[in-house]
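# An overview of the molecular structure
For reference, the chains in residue letters:
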Amino acid sequence: MSHDEDHVASTREKLVRMANQIATFFHSKPREEGIAGVAEHINKFWEPRMRRQMFEMIDAGGKGYDELILAAAPLIRRPAPEERPAA
C-alpha cells in the first residue's frame with residue numbers, strides 16, 4: 001500500500017470508529033430515538049467531507065459500521081459528490 005492509500009485507510013477506520021462511538025451512546029435510548037439521535041449528531045457535527053466518506057463506505061457495503069449507523073443513514077444529509085478538478 002502506498003502512503004496515500006495508508007492515509008485513506010486510516011481516515012476511513014477513524015470515521016468508522018467515531019461513528020460507532022456515537023452509536024454506542026445512542027444504543028441506551030429507545031430504538032427510534034437512537035436512530036434520530038445518531039442522524040442529528042452526525043448532521044450537526046460532521047462536515048460534508050466526513051459524511052461523503054461515510055456514505056462511500058456505506059454504499060460499498062457498510063463494513064464495520066454499527067447497525068444503528070446504517071439504520072440512521074437515510075436521515076443523514078448526503079453531501080453532493082466531490083467535484084474533481086479537470087486535468
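Preceding this section is the structure that the text describes.
The subject of this paragraph is the nonpolar core. Core analysis: the largest hydrophobic core is formed by 22 residues, its most contacted members being Val 38, Ile 42, Trp 46, Met 54, Tyr 65, Ile 69 and Ile 76. Within the residue set of this core, elements represented by two or more residues are helix H1 (3-26), helix H2 (31-45), helix H3 (48-59) and helix H4 (67-72). A total of six residues in this core trace back to one element, the largest contributor, which is H1. Dropping the residues within four chain positions of it, Val 38 is found in contact with Ile 22, Ala 23, Phe 26, Leu 68, Ile 69 and Ala 72.

A separate point is the packing of aromatic side chains. To describe a pair of aromatic rings, you give the distance between the ring centres and the angle between the ring planes. Overall, the coordinates contain one aromatic pair when judged by the stated rule. Judged by centre distance (4.9 Å) and plane angle (90°), the rings of Phe 25 and Phe 26 are edge-to-face. By relative accessible area, Phe 26 is classed as buried at 15%.

Moving on to the side chain of Arg 52. Structurally, Arg 52 is set in helix H3. Leaving out residues up to four positions away in the same chain, Arg 52 has contacts with Pro 79, Ala 80, Pro 81 and Glu 82.

Bringing the environment of Val 16 into the picture now. Looking at the element boundaries, Val 16 is found in helix H1. Among the residues examined, Val 16 registers a relative accessible area of 14% and is labelled buried. In this structure the C-alpha to C-alpha distance between Val 16 and Met 54, which are 38 residues apart in sequence, comes to 7.6 Å. The residues touching Val 16, leaving out its near neighbours within four places in the chain, are Met 57, Lys 63, Gly 64 and Tyr 65.

The terminal C-alpha atoms of H3, which comprises 12 residues, lie 16 Å apart, in line with the 16 Å expected from a rise of 1.5 Å per residue. Of the positions making up H3, those classed as buried are Met 50, Arg 51, Arg 52, Met 54, Phe 55, Met 57 and Ile 58.

Conventions used here
Residues numbered from 1 in each chain as written. Predicted model: local features only at pLDDT ≥ 70, side-chain atom pairs only at ≥ 80, totals over all residues. Heavy atoms only, no water. Core = buried A, V, L, I, M, F, W, Y, C linked by side-chain atoms within 4.5 Å. Buried < 20%, exposed > 50% of the residue type's maximum accessible area, 1.4 Å probe, protein only. Helix = DSSP H or I, 4+ residues; strand = E, 2+ residues; numbered from the N terminus. Contact = heavy atoms within 4.5 Å. Phe/Tyr/Trp six-rings, centres within 6.5 Å; stacked < 30°, edge-to-face > 60°. Expected span 1.5 Å × (residues − 1).

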